[in-house]
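Residue strings, one per chain:
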Amino acid sequence: MSLSAPSGCPVIIGGGLAGLMTALEMAPEPVVLLSAAPLGCKASSALAQGGLAASIGGDDSPALHLADTLAAGDGLCDEAVARRIIAAAPAAIERLEHFGVAFDRARDGAPQLGLEAAHSRRRIVHAAGAATGSELMRALVAAVRRTASITIVEGFEARRLLVEDGAITGVLAAGASGELSFATGRVVLATGGVGGLFHDTTNPLGCFGQGLALVARVGAELADLEFVQFHPTALDGAQRPMRLISEAVRGEGAVLIDETGRRFLADLPGAELGTRDAVARGVHRHLTRGHRVFLDARACLGAGFAGRFPAISGYCRDAGIDPALDPIPVRPAAHYHMGGITVDADGRSSVAGLWACGEVASTGLHGANRLASNSLTEAVVMAGWVAKSVTASPGMGRKTIAMPSVPMRPDPVLVRSIASPALGVTRDGESLREAALTLLPLAGGASPASDPAAVALMMVVAALRREESRGAHSRADFPLRATVARRSKITLVEALETAAALDATPLARSA
Ligand SMILES: Cc1cc2nc3c(=O)[nH]c(=O)nc-3n(C[C@H](O)[C@H](O)[C@H](O)COP(=O)(O)OP(=O)(O)OC[C@H]3O[C@@H](n4cnc5c(N)ncnc54)[C@H](O)[C@@H]3O)c2cc1C
């Protein structure tokens, strides 16, 4: 089946914050918004708790926000990009309010600002306490549904991008009711992150890097894929995705203790409010030494916990924990992907006619470690610039495309058991080599594991090549930081070739 959208109509793939905002910012230009799930569902955006970072407090400035972002990024941020996005953050908050998002405000009407790890000022704009994501989705989905220029196609996932002479010509999608093709010369990828490639993750399990696979298979360049942020405090239980105990709880004074009651990270710079990578490593290390780890909010919030964090209090109660009386069991979980599709300042990828926005893109803002609450801000700011760039680019005249067979539905289950141990909080060369060799035949095949394997393979090869520890990438065999910080770039072809060369190296298998 071929959907007749207006000729040359751009297609936005992904119904989270980045996709919704790009579609809204493009109005009144006609656009197709393609979402695997009903809008607002199965998106990380809906789960966001903390909020959006913006320097709007009286004691704050873009310069301070930038300094915190660069410090967290551990030398790898693109400073010019970070400066530009951070300067636009306060206007992004206004833009969201324009589309109906209701942020929490104090009695005097000023926005309430939360504090999160590694931020030197209170600058986290939030909604409904720690239910920011659901408020964002409520307001933006409603705005999208009442915008006549947006054609919403729900329940269909993009399975292939079509390219001719190095430029996008269409999208193939499939869903329960059949297959769809879109003839278009302009596609915006907004498909989110890769947490679904890991056993322990806070992401919806459907977020396993499908967007990265789509663009990698048409030759696009990807950047910094080795950098996965592990959130230090996911609720330790059987539920997947794991529930997040927001950093804002530590911002209010909660501390990390072990089963003996010892505050084992007290000596870390910033203690519990150190950068996420450092806190996650500290928690991981303590767990691998056989301890249990808890977040203790009894003294700082006590009976006030449920009032300040109603959603988190609810998750805890579901797990039989009362945060007013009990320490909360926690462990690190894959949470955010700093790496993604290499894009320029307007969100353009290396493939003509292909833009990326949100977590799937790598703008250079986050460097080796994202500063908490910078990603929602980035998605909103970039959506405006991507929309302008797409609107200003000429569409193609063709209305039909050849319809090759649509690949089968990707399934990450097999890949999860390979990626989780190899790409965890700490990595080492030998495990990465083993993982690359196991992933290689899967990535080159044509099974449901192929696309997830291709993504994991590119991440593993990028992690193998980075022989240093920096930000969220921690190598047990290369514990030091290299003198010069370099962003990494990779294509699928390079990853396949590198892995194939490993196979041919006797040392790789005998070491
Ligand atoms: C629990 C949790 C809490 C967080 N809290 C914060 C926070 O407080 N502040 C902050 O800044 N960041 C936070 N983050 C990170 C932030 O939420 C994400 O980075 C951001 O929401 C990503 O938005 P997105 O639109 O790029 O992706 P998503 O919101 O994940 O949306 C991607 C969408 O694309 C769809 N999709 C995927 N593949 C396809 C396909 N092939 N075809 C069609 N559709 C597809 C998915 O179904 C999904 O709907 C949090 C993340 C999590 C998981």
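What counts and how
Residues numbered from 1 in each chain as written. Predicted model: local features only at pLDDT ≥ 70, side-chain atom pairs only at ≥ 80, totals over all residues. Heavy atoms only, no water. Buried < 20%, exposed > 50% of the residue type's maximum accessible area, 1.4 Å probe, protein only. Helix = DSSP H or I, 4+ residues; strand = E, 2+ residues; numbered from the N terminus. Pairing = 2+ DSSP bridges. Core = buried A, V, L, I, M, F, W, Y, C linked by side-chain atoms within 4.5 Å. Contact = heavy atoms within 4.5 Å. Phe/Tyr/Trp six-rings, centres within 6.5 Å; stacked < 30°, edge-to-face > 60°. Lys NZ or Arg CZ within 6 Å of the ring centre and 35° of its normal. Near = heavy atom within 4 Å. Polar contact = N/O pair within 3.5 Å; in protein donor to acceptor, adjacent residues only side chain to side chain. Areas by Shrake-Rupley, 256 points an atom, 1.4 Å probe, with all protein chains shown as cover. Nonpolar A, V, L, I, M, F, W, Y, C, P; charged D, E, K, R; others polar. 1 Å grid on protein atoms, 1.4 Å probe; cavity = no way out; pocket = protein on both sides within 12 Å on 5 of 7 lines; lining within 4 Å. Points joined across faces, edges and corners; volume = space filled by probe spheres on them.

Teacher, can you tell me more about the pairing of strand β15 (residues 328-337) here?
Each regular strand carries side chains that alternate between the two faces of the sheet. Judged by how many residues are buried, β15 sits mostly within the fold: nine of ten residues are covered. Bridge count for strand β12 (residues 228-235) against β15 is six bridges, and the pairing is antiparallel. Residue pairing across strands places leucine 235 opposite valine 330, the latter belonging to β15.

What is the right way to look at the nonpolar core in this model?
Nonpolar side chains in soluble globular proteins generally cluster together in the buried interior. Counting residues in hydrophobic clusters, the biggest one holds 72 residues, and the most contacted among them are Leu34, Leu161 and Leu189. Here this core takes twelve residues from helix α15 (residues 450-465), the largest share from any one element. Apart from the residues within four sequence positions on either side, leucine 189 is in contact with Ile13, Leu161, Gly211, Leu214, Val215, Ile341, Leu354, Trp355, Ala356, Cys357 and Val360.

Got a minute to help me understand the sheet that holds strand β4 (residues 113-114) in this structure?
Through backbone hydrogen bonds, the strands of a sheet pair up, either in parallel or in antiparallel fashion. One open sheet accounts for three strands, arranged β3-β5-β4; its pairing is antiparallel. The open sheet has two edge strands, β3 (52-53) and β4, and neither has a second partner. The pairing of β4 with strand β5 (residues 124-125) spans two bridges and is antiparallel. Across the sheet, glycine 114 pairs through a bridge with isoleucine 124, a residue of β5.

How do you make sense of the packing of aromatic side chains when you look at a structure like this?
In this description, an aromatic ring pair is defined by two values, namely the gap between the centres and the angle between the planes. Evaluation of the coordinates by the stated rule reveals two aromatic pairs. Pairing phenylalanine 198 with phenylalanine 230 gives two aromatic rings, centres 5.8 Å apart and planes at 90°, and the pair type is edge-to-face. Highlighted residues: phenylalanine 198 in the loop between β10 (187-189) and α7 (210-216) and phenylalanine 230 in strand β12, separated in sequence by 32 residues. We note that phenylalanine 198, like phenylalanine 230, is buried. Ring plane angle 50° and centroid distance 5.6 Å describe the contact between phenylalanine 305 and phenylalanine 309, whose orientation is recorded as tilted. Assigned by exposure class, phenylalanine 305 and phenylalanine 309 land together as buried. Sitting above the plane of the tryptophan 385 ring, arginine 84 keeps its charged end 3.7 Å from the centroid.

What is the right way to look at the site of the ligand in this model?
If you check the shell around the ligand, you find 39 residues, and the closest are Ser45, Gly50, Gly51, Glu359 and Ser375. Within the contact set of the ligand, a nitrogen atom lies 2.8 Å away from a backbone nitrogen or oxygen of glycine 51. The separation between an oxygen atom of the ligand and a polar side-chain atom of glutamate 359 is 2.7 Å. Protein chains shield 97% of the accessible area of the ligand, which is 1000 Å² for the free molecule. Of all the secondary-structure elements, those providing two or more residues to the shell around the ligand are α1 (17-26), β2 (31-35), α2 (44-47), β7 (156-164), β15 and α12 (374-392). Broken down by class, the residue content of the shell around the ligand amounts to 16 nonpolar, 19 polar and four charged.

How should empty space enclosed by the protein be read in this particular structure?
Within the structure shown, the criterion is met by four cavities of 30 Å³ or more. Space inside the largest cavity adds up to approximately 70 Å³. When contributions to the lining of the largest cavity are tallied by element, the ones reaching two or more residues are β7 and α7. The element that contributes the greatest number of residues to the lining of the largest cavity is β7, accounting for four residues. Here the residues of the lining of the largest cavity sort into five nonpolar, one polar and four charged.

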